[in-house]
2 protein chains.
Amino acid sequence: MSDTPSAATRAPAPGRAAFDRDEQRRRKREAVLRVAASAFNRRGFANTSMDDVASVLGVSKPTLYQYFKSKQELLYACHQVAMDNGEAGLALAAAHDGTGLEKLIIYLRRYMEGIFGDLGNCPVLTDVDSLVPEDRANVVARRKRISAATKELIALGVADGSIGPCDPKLASLFALGVVNWIPAWYRDSGPNTPEEIMESFAALLISGLAAPAAPKRQRAKAKPKA
Amino acid sequence: MSDTPSAATRAPAPGRAAFDRDEQRRRKREAVLRVAASAFNRRGFANTSMDDVASVLGVSKPTLYQYFKSKQELLYACHQVAMDNGEAGLALAAAHDGTGLEKLIIYLRRYMEGIFGDLGNCPVLTDVDSLVPEDRANVVARRKRISAATKELIALGVADGSIGPCDPKLASLFALGVVNWIPAWYRDSGPNTPEEIMESFAALLISGLAAPAAPKRQRAKAKPKA
DNA sequence: GGTCCTCCCTACCATTTAGTATTTATATTT
DNA sequence: AAATATAAATACTAAATGGTAGGGAGGACC
């Protein structure tokens, strides 16, 4: 106590220790999120208890509360990851210089990659109602922007002739439905790889949306079965 | 009061009174199911309490238990209605004499009609886990049959040339995803009528699946918006 | 009028589960 | 090595909610 242990002694590398700790903490937090997302996705948000999540991780429930202050925050984080994927796809599409249809497919591919990714295998976005009102408003608004951007992409395609005449609003709901429904049936142990699925779906979307007289009519080389 | 209005008037059809009672009971049961299905669909099964359902109907909770022995039975009934719609569509498709693609569209249209119908606006089929094990097995098995039939319809179309080469399994997941996702966004108060939606989606599915060189390449006469 | 029978409601119970208070172990710093 | 801060476990609280028991109101039939 003769000397207050503050400044001089902690100076050498006080930051690194803190950094390592923070890094570990960050990783643990992510592990919690990953497990929770997977469980929420498989069994539903309300059907998954915090004890369930904890037991999968081999820890006890209060531990989870060191990383997320509530179950709802966990759900909120899941929603954000999913929306991050959507926005990443939109950014990719914006960066690509091509037709509206091409942009749309680039976007949807990226979005699907997120869905298949460990973390992005995120909760069916249905459960907006379980969120805290403030978070809900946030999620709804952000999702609305993503939806609108999807619609705009399709409208662009219709305008430049790469997409056949259609109602962009309905066409976007069509495309997003296909993609959003994936978590409902996809299982890692299933017969198809994410790549096969993305390939097939992209091809189906392309042929579904492409303008009838489109110059290059792509179709995935499907494996004939019989 | 001199004459009890009972006997004479009731005598002619004593059975009718009983019938009316049963009929009333049946109607009440249906009302419960309708309200519950709507609530489950909107807010999720687990987020909807029996008190919620009861209060919408203006009755008390125990009353519900006169028509359904448990909340899970209510969910089971919802699943059955949805599957009834699917099977009705399959029957319609089987009765139609045409290409695989035509059959598929007939089936999916009927299925969508069910989804838009008051009652068929049924719970996202996701919540299989909330069912009693026995019911769950039943639902899973029946759904698997419907899924398989959908796949078969597509395989038929591929075989007869009305549908382009593709993996029938993935194509069926594609088509069912579009349709199953509808309850997630459709609202009666929305801008589009069920007919418009069905028309658009059918057109998108047709052009998405039809064989490239298909003789009659249909495209819905979309209303050009601008 | 008396007796069912049907229906529904007011409590109530029991279970599940989100979240917390308190204690114990672990690692880091001086 | 002592001290401190962090992390995690045990044991608990409180609220929500599925489901039930028992009673009361009203019509139907003798």
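In the nomenclature of an unreviewed UniProt entry, chain A is known as AcrR family transcriptional regulator of Xanthobacter flavus.

Enquirer: Got a minute to help me understand the overall build of chain A in this structure?
Expert: Scanning chain A for helices and strands turns up ten helices and zero strands. Going from the N terminus to the C terminus, chain A shows its helices and strands as α-α-α-α-α-α-α-α-α-α. Counting over 226 residues, chain A shows a buried share of 44%. For chain A, long-range pairs separated by at least 24 residues make up 69% of all intrachain contacts whose partners lie at least 6 apart in sequence. Of the roughly 11,600 Å² that chain A leaves accessible, carbon and sulfur atoms contribute 55%.

Enquirer: Just checking my understanding: could you explain the interface of chain A and chain B for this structure?
Expert: The figure often quoted for interface size is the accessible area lost as the parts come together. With 43 residues of chain A at the interface, the matching set in chain B holds 43 residues. For the chain A and chain B pair, buried surface summed over both sides reaches about 3,800 Å², with 65% attributable to carbon and sulfur atoms. Joining chain A to chain B, the criterion identifies zero salt bridges. Our enumeration of links across chain A and chain B arrives at four residue pairs in polar contact (both at pLDDT 80 or more). Among the secondary structure elements, those contributing two or more residues to the side of chain A that touches chain B are α2 (14-43), α8 (168-180) and α10 (194-209) of chain A.

Enquirer: Sorry, what's going on with the environment of B:Ala91 here?
Expert: For B:Ala91, the location among the structural elements is in helix α5 (residues 71-95). Along the primary structure B:Ala91 and B:Tyr107 are separated by 16 residues, whereas in three dimensions their C-alpha atoms are 7.9 Å apart.

Enquirer: Whenever I open this one, the side chain of B:Arg142 confuses me. Can you help?
Expert: All names here are of chain B. In this structure, Arg 142 sits in helix α7 (residues 133-160). Of the residues examined, Arg 142 reaches a relative accessible area of 10% and is grouped as buried. Among residues more than four places away in sequence, those in contact with Arg 142 are Gln 80, Met 83, Asp 84 and Glu 87.

Enquirer: What is the right way to read the packing of helix α6 (residues 100-116) of chain A against helix α7 (residues 133-160) of chain A from this model?
Expert: How two helices pack is summed up by the angle between their axes together with the distance between the axes. All names here are of chain A. Remark: α6 packs on α7, axes separated minimally by 7 Å, with the N-to-C direction vectors making an angle of 150 degrees. In terms of their interaxial angle, α6 and α7 are classed as roughly antiparallel. Contact with α6, carried on its side by Gly 100, Leu 101, Lys 103, Leu 104 and Tyr 107, involves Ile 146, Thr 150, Leu 153, Ile 154, Leu 156, Gly 157 and Asp 160 of α7 and no other residues of that element. Along the lines of polarity and charge, the residues of the contact of α6 with α7 split into seven nonpolar, three polar and two charged.

Enquirer: Just checking my understanding: could you explain the environment of A:Gly44 for this structure?
Expert: As for its position among the elements, A:Gly44 is in the loop between α2 and α3 (50-57). Taking the C-alpha atoms as reference points, A:Gly44 and A:Thr126, separated by 82 residues in sequence, lie 9.7 Å from one another.

Enquirer: Please explain α3(A) as it appears in this structure.
Expert: Each full turn of the α-helix corresponds to 3.6 residues, which orients residues three or four apart in the same direction. Residues and elements named next belong to chain A. For α3, the full list of buried residues reads Met 50, Val 53 and Ala 54. Projected down its long axis, α3 shows its buried positions confined to an angular sector of 95 degrees, all on one face. The outward face of α3, more than 90 degrees from its buried face, is lined by the exposed residues Ser 55 and Val 56. Immediately beyond the C-terminal end of α3, within one or two residues, lies Gly 58, with a positive phi of roughly 75 degrees.

Enquirer: In this structure, what is going on with the UniProt feature "DNA-binding region" (unreviewed entry) in chain A? I would like to understand it.
Expert: As recorded in UniProt, the sites labelled "DNA-binding region" (unreviewed entry) are residues 49-68 of chain A. With 60% helix and 0% strand, the stretch residues 49-68 of chain A has end C-alpha atoms that lie 14 Å from each other.

Enquirer: It is not clear to me how the nonpolar core should be interpreted in this structure. Could you clarify?
Expert: One broad trend across soluble globular proteins is that nonpolar side chains are buried collectively. Core analysis: the biggest nonpolar cluster contains 119 residues, and A:Tyr107, A:Phe201, B:Tyr107 and B:Phe201 have the highest contact counts within it. Those residues in contact with B:Tyr107 that lie beyond four places of it in its chain are B:Gly86, B:Gly89, B:Leu90, B:Ala93, B:Ile146, B:Thr150, B:Leu153 and B:Leu176.

Enquirer: Is there a simple way to explain the packing of α5(B) against α7(B) in this structure?
Expert: All names here are of chain B. Two elements in contact, α5 and α7, have axes whose closest approach is 11 Å; the angle formed by their N-to-C orientations is 25 degrees. With respect to α7, the element α5 is oriented roughly parallel. As α5 packs across α7, the resulting crossing turns out to be left-handed. For the pair α5 and α7, the contacting residues are Tyr 76, His 79, Gln 80, Met 83, Asp 84, Glu 87, Leu 90 and Ala 93 in the first and Asp 135, Asn 138, Val 139, Arg 142, Arg 143, Ile 146, Ala 149 and Leu 153 in the second. Of the residues in the contact of α5 with α7, the class split is eight nonpolar, three polar and five charged.

Enquirer: Help me understand the packing of aromatic side chains in this model?
Expert: In this description, an aromatic ring pair is defined by two values, namely the gap between the centres and the angle between the planes. Under the defined criterion, the tally for this structure stands at eleven aromatic pairs over all chains. Consider the rings of A:Phe174 and B:Phe174, whose centres lie 6.0 Å apart with planes at 70 degrees: the pair is edge-to-face. You can see A:Phe174 sitting in helix α8 and its partner B:Phe174 sitting in helix α8 (residues 168-180), one on each of two chains. There is no split in this pair, since A:Phe174 and B:Phe174 are both buried. Three or more aromatic residues link up through ring pairs in this structure, and these residues are A:Phe174, A:Trp185, A:Phe201, B:Phe174, B:Trp185 and B:Phe201. Over the ring of A:Phe45 we find A:Lys71, and its NZ or CZ is 4.4 Å from the ring centre.

The rules we used
Residues numbered from 1 in each chain as written. Chains lettered and ligands numbered in written order. Predicted model: local features only at pLDDT ≥ 70, side-chain atom pairs only at ≥ 80, totals over all residues. Heavy atoms only, no water. Helix = DSSP H or I, 4+ residues; strand = E, 2+ residues; numbered from the N terminus. Buried < 20%, exposed > 50% of the residue type's maximum accessible area, 1.4 Å probe, protein only. Contact = heavy atoms within 4.5 Å. Areas by Shrake-Rupley, 256 points an atom, 1.4 Å probe, with all protein chains shown as cover. Buried area = accessible area lost by both parts, 1.4 Å probe. Salt bridge = Lys/Arg side-chain N within 4 Å of Asp/Glu carboxyl O. Polar contact = N/O pair within 3.5 Å; in protein donor to acceptor, adjacent residues only side chain to side chain. Axes fitted to C-alpha atoms, helices over the stretch in contact; angles between N-to-C directions. Parallel < 35°, antiparallel > 145°, perpendicular 65-115°, else oblique. Nonpolar A, V, L, I, M, F, W, Y, C, P; charged D, E, K, R; others polar. Arc of directions from axis to C-beta. UniProt positions renumbered as here; feature names shortened; annotations may be inferred. Core = buried A, V, L, I, M, F, W, Y, C linked by side-chain atoms within 4.5 Å. Left-handed = near helix turned anticlockwise from the far one by under 90°. Phe/Tyr/Trp six-rings, centres within 6.5 Å; stacked < 30°, edge-to-face > 60°. Lys NZ or Arg CZ within 6 Å of the ring centre and 35° of its normal.

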